[in-house]
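Commentary on secondary and tertiary structure
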Amino acid sequence: MGHIRTIDRKLASSEKVSYSESIVIHETRSSRLVLVPFYIPRSAGTQLAIKLVTYKKSPPPADWAIIEEKSISMKEETARRLYVELKGLFAIAQEEEDGSYVLIRVTEGTAQIGTHDPAAVAAALTKVLSSEEIVKHLGSSELSEELINAFRGAIRLKEMRSAVATLREYLNNGEVSENIYQKWCEEHSWAFGNAYVMRDEARDISAGDRLDILLPTVISGYRDIVELKRPDQSALLYDEAHRNYYYSADVSRAIGQCHRYLDVLHEVAGEGLRDHPEIVAYHPRAIIVIGRSNDWAREKLKALHGLNRRLSGVTVMTYDQLLSQGERLVEILSHSPRDVEDEVDDLEVFDDSIDCPS
């Protein structure tokens, strides 16, 4: 329940100031600390001044005597400064660990971060505020532009780290449901590389053809497709007689399926889909995600790289390679802003030469 109390303001006998009743801050058997508020009229309005008075126990009949050398008077500016500092210190006192804490001062509704790195401030705040709360108020809050951008970057990075951890957990737990990976890839299409933007909601390209994922490219806006298979299906097999790797039957079927999709999509969306004219596909490409490669030797990874290079318009990758690509993108974005711009530009749609950890 809330604590409600009444504070009276009275005119002093000098009629120059007003005051309120003294407030006992601390008391023992032998001493007492009291706060006395005063209200001083000024041309710009009333100012609050306070006095901290220390008393010591005296023999009767005096009872209490003021200790002048332990009493302090504060003007309003000083009292406000004390109030602000105490609020910050109390906030830090609620934490269990030692360390560096960032306190943000707000002046006239605008956050003042001084010389602190905006990205560091945003990253610190996103640990204690949910991303939904931050996004909701970014547009209406009078934050500096650099802090807003840092917030958005920190939120994005936090979401990406969480998504990568979720995909890693699925794979480590042996999850094989295609629907689960379908949902993950739909929500985190950024994992397919910096060349793509958010996926399209539309997936039906003809009466009998429904794509798993349709991705617009950043530069041209043309669409590519993603076909998802199960992680427990084999991507490559080894021919002992000819000593070479080759695509499994599951991959071969997926390649045939994608070739049909690519032909249909190129035909029906060359000038834009009938019900979605904004969706344009011109010589689209396909990415097939299938199987695991966490225990592959370097020779097998090299074989997949070679087979992909000789396959026109279609790239085959494993779920472990998708995970590695997502981890790499998060790693790049975790660097300082000066490093990120160059490295992200160098990140391909999918580099199938990435070595997955064994």
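With respect to the overall build of the protein chain
If you tally the helices and strands in the protein chain, you get nine helices and 17 strands. Counting all 358 residues of the protein chain, 36% fall into the buried class. In the protein chain, 52% of the contacts between residues at least 6 apart in sequence involve partners at least 24 apart. Of the roughly 22,700 Å² of accessible surface on the protein chain, 50% is carried by carbon and sulfur atoms.

Comments concerning the side chain of Q182
Position of Q182 relative to the elements: it lies in helix α5 (residues 178-187). There is a polar contact of 2.8 Å between the side chain of Q182 and the side chain of E186.

Side note on helix α7 (residues 298-309)
In a regular helix each residue adds 1.5 Å, so twelve residues correspond to 16 Å; α7 covers 17 Å between its end C-alpha atoms and thus fits that length. Of the positions making up α7, those classed as buried are K300, L301, A303, L304, G306 and N308. Those residues of α7 that are buried are in contact with β14 (236-239), β15 (244-247), β17 (314-317) and α8 (319-333).

Some thoughts on the pattern of salt bridges
A complete count under the given rule lists ten salt bridges for this structure. As a salt-bridge pair, R230 and D232 come within 2.7 Å of each other at their nearest N and O atoms. Judged by relative accessible area, which is 32%, R230 ranks as partly exposed. Given a relative accessible area of 43%, D232 falls into the partly exposed group.

Some details on the nonpolar core
In this structure, I225, Y247, V251, I288 and V316 are the most contacted members of the largest nonpolar core, which totals 25 residues. If one sorts the elements of this core by residue count, helix α6 (residues 249-268) sits on top with seven residues. Residues in contact with I288, not counting those within four places in the same chain, are E227, A254, I255, C258, V314, T315, V316 and M317.

A few points about the sheet that holds strand β16 (residues 286-289)
On the basis of which strands lie adjacent, the open sheet formed by four strands has the order β12-β13-β16-β17 and mixed pairing. Each of the sheet's edge strands pairs with one partner strand only, and the pair in question is β12 (213-216) and β17. Pairs of neighbouring strands in the sheet enclose a mean axial angle of 25°, with direction left out of account. Pairing geometry for β12 and strand β13 (residues 223-228), over four bridges, is antiparallel. Bridge pairing links I213 to V226 in β13.

Considering a nonpolar patch on the surface
Taken together, the side chains of L82, L86, L89 and F90 make up a nonpolar region of the molecular surface, amounting to roughly 380 Å² of accessible area. Note on placement: L89 falls in helix α1 (residues 76-93). L89 gets classed as exposed once you look at its relative accessible area, which sits at 52%.

Here's the deal with the environment of L214
By the element assignment, L214 lies in strand β12. Remark: the alpha-carbon pair of L214 and E186, spanning 28 residues in sequence, is separated by 9.2 Å.

A look at a negative patch on the surface
Taken together, the side chains of E95, E96, E97 and D98 present a region of like negative charge at the surface. Within the fold, E96 resides in the loop between α1 and β8 (105-107). A relative accessible area of 77% places E96 in the exposed class.

Structural notes on the packing of aromatic side chains
Under the defined criterion, the tally for this structure stands at five aromatic pairs. Considering the side-chain rings of Y222 and Y282, the 6.0 Å spacing of their centres and the 50° angle between planes classify their relative orientation as tilted. Here Y222, found in the loop between β12 and β13, pairs with Y282, found in the loop between α6 and β16; they are 60 residues apart in sequence, far enough to count as distant. Judged by relative accessible area, which is 47%, Y282 ranks as partly exposed. Members of the aromatic cluster, joined through ring pairs, are Y170, Y181 and Y319.

Comments concerning the confidence of the model for the protein chain
Across the protein chain, pLDDT averages 78, with 68% of residues at or above 70. Contacts for the low-pLDDT stretch residues 336-358, under 50 throughout, to residues beyond four places or in other chains number 49 contacts.

Details of the pairing of β17
Within a regular strand, side chains alternate between the sheet's two faces. Residues of β17 alternate between two faces, with V314 and V316 on one and T315 and M317 on the opposite face, all of them buried. In this structure, β16 lies alongside β17, joined through four bridges in parallel fashion. Along β17, the bridge assignment pairs V289 with M317.

Section: α6
With 20 residues, α6 ought to run about 28 Å at 1.5 Å a step, and its terminal C-alpha atoms sit 29 Å apart, in line with that. Within α6, the full set of buried residues consists of V251, A254, I255, C258, Y261, L262, V264 and L265.

Some words on the environment of V226
Checked against the element boundaries, V226 lands in strand β13. The exposure class of V226 is buried, given its relative accessible area of 1%. Taking the C-alpha atoms as reference points, V226 and C185, separated by 41 residues in sequence, lie 9.3 Å from one another. Setting aside chain neighbours within four positions, we find V226 in contact with F192, D212, I213, L215, I287 and V289.

Reading the values: rules and limits
- Residues numbered from 1 in each chain as written.
- Predicted model: local features only at pLDDT ≥ 70, side-chain atom pairs only at ≥ 80, totals over all residues.
- Heavy atoms only, no water.
- Helix = DSSP H or I, 4+ residues; strand = E, 2+ residues; numbered from the N terminus.
- Buried < 20%, exposed > 50% of the residue type's maximum accessible area, 1.4 Å probe, protein only.
- Contact = heavy atoms within 4.5 Å.
- Areas by Shrake-Rupley, 256 points an atom, 1.4 Å probe, with all protein chains shown as cover.
- Polar contact = N/O pair within 3.5 Å; in protein donor to acceptor, adjacent residues only side chain to side chain.
- Expected span 1.5 Å × (residues − 1).
- Salt bridge = Lys/Arg side-chain N within 4 Å of Asp/Glu carboxyl O.
- Core = buried A, V, L, I, M, F, W, Y, C linked by side-chain atoms within 4.5 Å.
- Pairing = 2+ DSSP bridges.
- Axes fitted to C-alpha atoms, helices over the stretch in contact; angles between N-to-C directions.
- Patch = residues over 30% accessible without salt bridge, like charges linked within 9 Å, V, L, I, M, F, W, Y side chains within 5 Å.
- Lys, Arg positive; Asp, Glu negative; His and termini not counted.
- Charge placed at Lys NZ, Arg CZ, Asp CG, Glu CD.
- Phe/Tyr/Trp six-rings, centres within 6.5 Å; stacked < 30°, edge-to-face > 60°.
- pLDDT = per-residue confidence, 0-100.

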